Amino acid sequence: MPEPQRVYAPDGTRLATYTWGDLNDPVVVLVHGFASNVRDNWVLTGWVRNLTGAGYRVLAIDQRGHGLSDKPHEPDAYAIQTLATDIETVMDQYLVDEAFYVGYSLGARVGWEVVRDLPQRIIRAVLGGVPDGMPLSGLNLDQVRAYIDHEEPVLDQTTQNYIALTERVSGNDLRSLLALAQGMRQTRTVDPDPSNAPTQPILFATGSNDMIIEGSRALADAAPQGRFFEIPGRHHFNAPGSKAFKDAALAFLNDDGDS
């Protein structure tokens, strides 16, 4: 991992960013999922190596609340549009006028907004593991809060899984990720609107064993230039490491035609 370069969001939040590759190569912006970071989602899984080897420059971002970026505890800091604006701010600071976008899970949810809001700057995108519906809806916020404040046991299985996912990654702050879940819910406009889908070419990719696969298919069907790739034998949490997923994404990014 290179040393992070700090970019300040409009609200003063410091975002950790990383780059690899030649300055003259086409840029791929990588945005990770919930409770992950650049290292876990993109470096250890081989995405950065594969992309730079294919002739791309990589610009990757630890989303606010994650990695080495600042971790606000206020839900208002995590509105979906704020997360999307963070990506635009980083592109501006790096003087990137045009890029490809690759996001997974939360990064794909944010990507839907980024791709739709920046049609002249995002050429095409890969959105992995993105469902329709409210994100993190299975998280019992009251149980998470009681676990943080009073060490009360978490009874809900889905919430247990989210906490285990959060605590698996060194440096995660459970209170900031609770704020993120609250902020996303408060936004109330985060559900991807199929009637207002991005018009650029988009590859939607979801694991065959992922419970959200049908929602992802529906979004691909709604996008004017959407395609769908089923990642064989993978569930939501191990899909980023799939060679088939990486190969399909590279083929899609390299395809400058209409097929």
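Everything discussed here concerns the structure shown above.
Residues numbered from 1 in each chain as written. Predicted model: local features only at pLDDT ≥ 70, side-chain atom pairs only at ≥ 80, totals over all residues. Heavy atoms only, no water.

1. Focus: the overall build of the protein
How we decide: The helix count covers DSSP runs of H or I at least four residues long, the strand count covers runs of E at least two residues long, and both are numbered beginning at the N terminus. The size measure is the radius of gyration over C-alpha atoms, and the globule rule it meets is 2.2 Å times the number of residues to the 0.38 power. In these tables, accessible area is a Shrake-Rupley quantity obtained with a 1.4 Å probe, and a residue counts as shielded only by the protein chains included in the view. The charge count includes Lys and Arg as positive and Asp and Glu as negative, but it does not include His or the ends of the chains. Here the site of a charge means NZ on Lys, CZ on Arg, CG on Asp, or CD on Glu.
Check the secondary structure of the protein and you find 9 helices and 8 strands. Relative to its length of 259 residues, the protein is compact, with a C-alpha radius of gyration of 17 Å against a globular reference of 18 Å. Its C-alpha atoms give the protein principal-axis dimensions of roughly 55 × 40 × 30 Å. When the accessible area of the protein is evaluated, it comes to approximately 11300 Å², of which 47% is carbon and sulfur surface. Here the protein contributes 21 positively and 34 negatively charged side chains, and the mean placements of these two sets differ by 4 Å.

2. Digging into the environment of Leu-203
Rules: For every residue, the accessible area obtained with a 1.4 Å probe (protein chains only) is divided by the maximum for its type, and the residue is called buried under 20%, exposed over 50%, and partly exposed between those limits. In what follows, a contact means two residues having at least one pair of non-hydrogen atoms within 4.5 Å.
Examined against the element boundaries, Leu-203 turns out to sit in strand S7 (residues 202–207). A relative accessible area of 6% means that Leu-203 is categorised as buried. The spacing of Leu-203 and Val-102 is 101 residues in sequence and 9.4 Å in space, taken between C-alpha atoms. Sequence-distant contacts of Leu-203, that is, excluding residues within four places in its chain, are made with Ala-125, Val-126, Leu-127, Arg-227, Phe-228, Phe-229, Ala-248, Ala-249 and Phe-252.

3. Details of helix H5 (residues 141–150)
Here is the rule we go by: Contacts described as polar in this section are N or O atom pairs within 3.5 Å, which, within protein, must combine one atom able to donate a hydrogen with one able to accept it, while residues neighboring in sequence count only if both atoms come from side chains.
Along H5, the residues classified as buried are Leu-141, Val-144 and Ala-146. Two or three places before Asp-142, at the start of H5, stands the capping residue Asn-140, its side-chain oxygen 3.2 Å from that residue's backbone nitrogen. Two residues or fewer past H5, Glu-151 is found with a positive phi of approximately 55°.

4. A look at the side chain of Asn-172
Considering the arrangement of structural elements, one finds Asn-172 in the loop between helix H6 (157–168) and helix H7 (174–187). Residue classification places Asn-172 among the buried positions, given a relative accessible area of 17%. At 3.0 Å, the side chain of Asn-172 and the backbone oxygen of Ala-35 are in polar contact. In this structure the side chain of Asn-172 is engaged in a polar contact, spanning 2.9 Å, whose partner is the backbone oxygen of Thr-166. The residues contacting Asn-172, other than those within four sequence positions of it, are Ala-35, Leu-165, Thr-166 and Leu-177.

5. Thoughts on the packing of aromatic side chains
Counted only if it meets this: Aromatic rings from Phe, Tyr and Trp, with only the six-membered ring used for Trp, were paired whenever their centres fell within 6.5 Å, and each pair was classed as stacked if the ring planes differed by under 30 degrees, edge-to-face if by over 60, and tilted otherwise. Think of it as a cone above the ring: NZ of Lys or CZ of Arg counts as a charge over the ring if it is within 6 Å of the ring centre and within 35 degrees of the ring normal.
Summed over all chains, the structure comprises 7 aromatic pairs. For the ring pair Trp-47 and Phe-245, a centre distance of 4.9 Å and an interplane angle of 75° mean the geometry is edge-to-face. Pair noted here: Trp-47 is in helix H2 (residues 47–53) and Phe-245 is in helix H9 (residues 243–254), with a separation of 198 residues, a long-range link. The class for Trp-47 is buried, based on a relative accessible area of 3%. Among the residues examined, Phe-245 registers a relative accessible area of 2% and is labelled buried. Plain terms: the ring middles of Trp-112 and Phe-204 are 6.4 Å apart, the flat faces sit at 55° to each other, and that makes the pair tilted. Taken together, the residues Trp-112 in helix H4 (residues 106–117) and Phe-204 in strand S7 connect sequence positions 92 residues apart. The structure contains a cluster of three or more aromatic residues connected by ring pairs, namely Trp-42, Trp-47, Tyr-104 and Phe-245. Arg-124 extends its terminal NZ or CZ atom over the ring of Phe-252, reaching a point 4.6 Å from the ring centre.

6. Describing empty space enclosed by the protein
Cut-off, in case you're wondering: Here a cavity denotes a set of grid points, spaced 1 Å apart and computed over the protein atoms alone, in which a 1.4 Å probe fits but from which it cannot get out, and a pocket denotes an open set meeting protein on both sides within 12 Å along at least five of seven lines; residues with an atom within 4 Å of a point are reported as lining. Grid points are joined across faces, edges and corners, and a volume is the space filled by probe spheres set on the points. Each residue gets one label: Ala, Val, Leu, Ile, Met, Phe, Trp, Tyr, Cys and Pro are nonpolar, Asp, Glu, Lys and Arg are charged, and the others, such as Gly, are polar.
The tally for this structure, following the rule as stated, stands at 1 cavity of 30 Å³ or more. Considering only enclosed or pocket space, the largest cavity measures out at about 50 Å³ in volume. Every residue lining the largest cavity is listed: Phe-34, Leu-139, Val-144, Tyr-162, Ile-163, Thr-166, Leu-174, Leu-177 and Leu-178. For the lining of the largest cavity, the elements supplying multiple residues, two or more each, are H6 and H7. When grouped by side-chain class, the residues that make up the lining of the largest cavity number 8 nonpolar, 1 polar and no charged.

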